[in-house]
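Summary of the model geometry
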Amino acid sequence: MGKLDGKTIIITGGAKGQGAAEVRLATSLGAKVVVTDILGDAGKQIAEETGNSYLNLDVTSPEQWAEVVKFTVSEFGRVDGLINNAGIDQKNHGGVTDTPIDLYRTVIEVNQVGTFLGMNAVAPAMIEQKAGSIVNISSIAGMRGFAAVAYVASKWAVRGMTKTAANELGSSNIRVNSIHPGAIETDMLFDLGQDSINWLVSKVPMQRSGTPDEVGETAMFLLSDEASYISGAEIVVDGALITR
Ligand SMILES: NC(=O)c1ccc[n+]([C@@H]2O[C@H](COP(=O)([O-])OP(=O)(O)OC[C@H]3O[C@@H](n4cnc5c(N)ncnc54)[C@H](O)[C@@H]3O)[C@@H](O)[C@H]2O)c1
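Residues numbered from 1 in each chain as written. Predicted model: local features only at pLDDT ≥ 70, side-chain atom pairs only at ≥ 80, totals over all residues. Heavy atoms only, no water.

Section: the overall build of the protein
Assigned secondary structure in the protein consists of 8 helices and 7 strands. Dimensions of the protein, computed from the C-alpha atoms along their principal axes, are close to 45 × 35 × 35 Å. Looking at the protein residue by residue over its 244 residues, the buried ones come to 51%. Of the roughly 11100 Å² that the protein leaves accessible, carbon and sulfur atoms contribute 54%. Of the charged side chains in the protein, 19 are positive and 28 negative, and the gap between their average positions amounts to 5 Å. (Helix = DSSP H or I, 4+ residues; strand = E, 2+ residues; numbered from the N terminus. Buried < 20%, exposed > 50% of the residue type's maximum accessible area, 1.4 Å probe, protein only. Areas by Shrake-Rupley, 256 points an atom, 1.4 Å probe, with all protein chains shown as cover. Lys, Arg positive; Asp, Glu negative; His and termini not counted. Charge placed at Lys NZ, Arg CZ, Asp CG, Glu CD.)

What about the pattern of salt bridges?
The tally for this structure, following the rule as stated, stands at 9 salt bridges. Across the pair Glu-234 and Arg-159 runs a salt bridge whose closest N-O atoms are separated by 3.0 Å. Remark: Arg-159 occurs in helix α5 (residues 149-169) and Glu-234 occurs in strand β7 (residues 234-237); sequence separation between them is 75 residues. Overlapping salt bridges bring together Arg-159, Lys-163 and Glu-234 as one network. (Salt bridge = Lys/Arg side-chain N within 4 Å of Asp/Glu carboxyl O.)

Some details on the site of the ligand
Around the ligand, the surrounding shell holds 27 residues, and the nearest of these are Gln-18, Asp-37, Asn-85, Tyr-151 and Thr-186. Between the ligand and the protein, one listed contact pairs a nitrogen atom with a backbone N or O atom of Leu-57 at 3.5 Å. Asp-58 places a polar side-chain atom, nitrogen or oxygen, 3.1 Å from a nitrogen atom of the ligand. Starting from 830 Å² of accessible surface for the ligand in isolation, the protein chains cover 93%. Elements represented by at least two residues in the shell around the ligand include exactly α1 (17-28), α5 and α6 (187-190). Residues belonging to the shell around the ligand are distributed by class as follows: 13 nonpolar, 9 polar and 5 charged. (Near = heavy atom within 4 Å. Polar contact = N/O pair within 3.5 Å; in protein donor to acceptor, adjacent residues only side chain to side chain. Nonpolar A, V, L, I, M, F, W, Y, C, P; charged D, E, K, R; others polar.)

A short note on the side chain of Ser-138
With respect to the secondary-structure elements, Ser-138 resides in the loop between β5 (132-137) and α5. Among the polar contacts made by the side chain of Ser-138, one reaches the main-chain carbonyl oxygen of Lys-155 at a distance of 2.8 Å. The residues contacting Ser-138, other than those within four sequence positions of it, are Lys-155, Val-158, Arg-159, Ile-179, His-180 and Pro-181. (Contact = heavy atoms within 4.5 Å.)

Side note on the packing of aromatic side chains
Under the counting rule described, the total for this entry stands at 0 aromatic pairs. The residue whose ring lies beneath Arg-159 is Trp-156, and the NZ or CZ to ring-centre distance is 5.1 Å. (Phe/Tyr/Trp six-rings, centres within 6.5 Å; stacked < 30°, edge-to-face > 60°. Lys NZ or Arg CZ within 6 Å of the ring centre and 35° of its normal.)

Next comes the structure, spelled out in structure tokens:
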């Protein structure tokens, strides 16, 4: 018996990094997963490897969200969980004086609007079935300031909208929580370059970066009935980096 037996979970950004780890973990725990991403080849490969379905989903598209929920309900009869995992970094790290508006809008559109659209799309099905668990992947950048103003703003927004959704949907037995990863070993971290990674890891009290599975296991817990009274919470997975 797995703790996600019989549950149907939609995961965004499931083609690689933390999303792919979550697809594998959820499948191993008994869930049916609808793997989504904009990276078709990699997404299909993960879906095939785990025996799941893949759908193309750009999280900024309300139309594509509607298709994903329609497919999930018609195929599996319900939507038990959603991990709003897809996200992009602010490649050109910058502050309020040097962040181009186009870059700012792009990051907000994917990380913030994409998360809102995900909750907006799955909520009606979850309300009807009077059950559901939504996990929003924010960041420790959603808890303090870093020199990446768009990314920070988007992740604070994810943390905030999680509270609104938990409040609004609690009476329908829908739980909504946010996870706040620190330095996690995916392309988003590797893209910073080794010098920056070394500097960041040196600031982590546990003196190491985290693995995608370590974030994934937290998401699995929140999706499962073991977390049946946890909603509106924020869980930091960062080796205590935020305590500094
Ligand atoms: N890696 C870290 O150190 C770290 C730290 C804190 C938070 N996070 C967050 O964790 C989440 C997962 O990131 P990751 O670390 O796995 O990085 P990643 O770059 O490996 O994966 C991000 C995934 O999101 C997908 N994606 C990007 N834009 C999309 C869009 N418009 N629609 C659908 N999918 C899209 C990408 O194709 C990719 O599969 C993100 O929300 C990120 O902000 C990461």
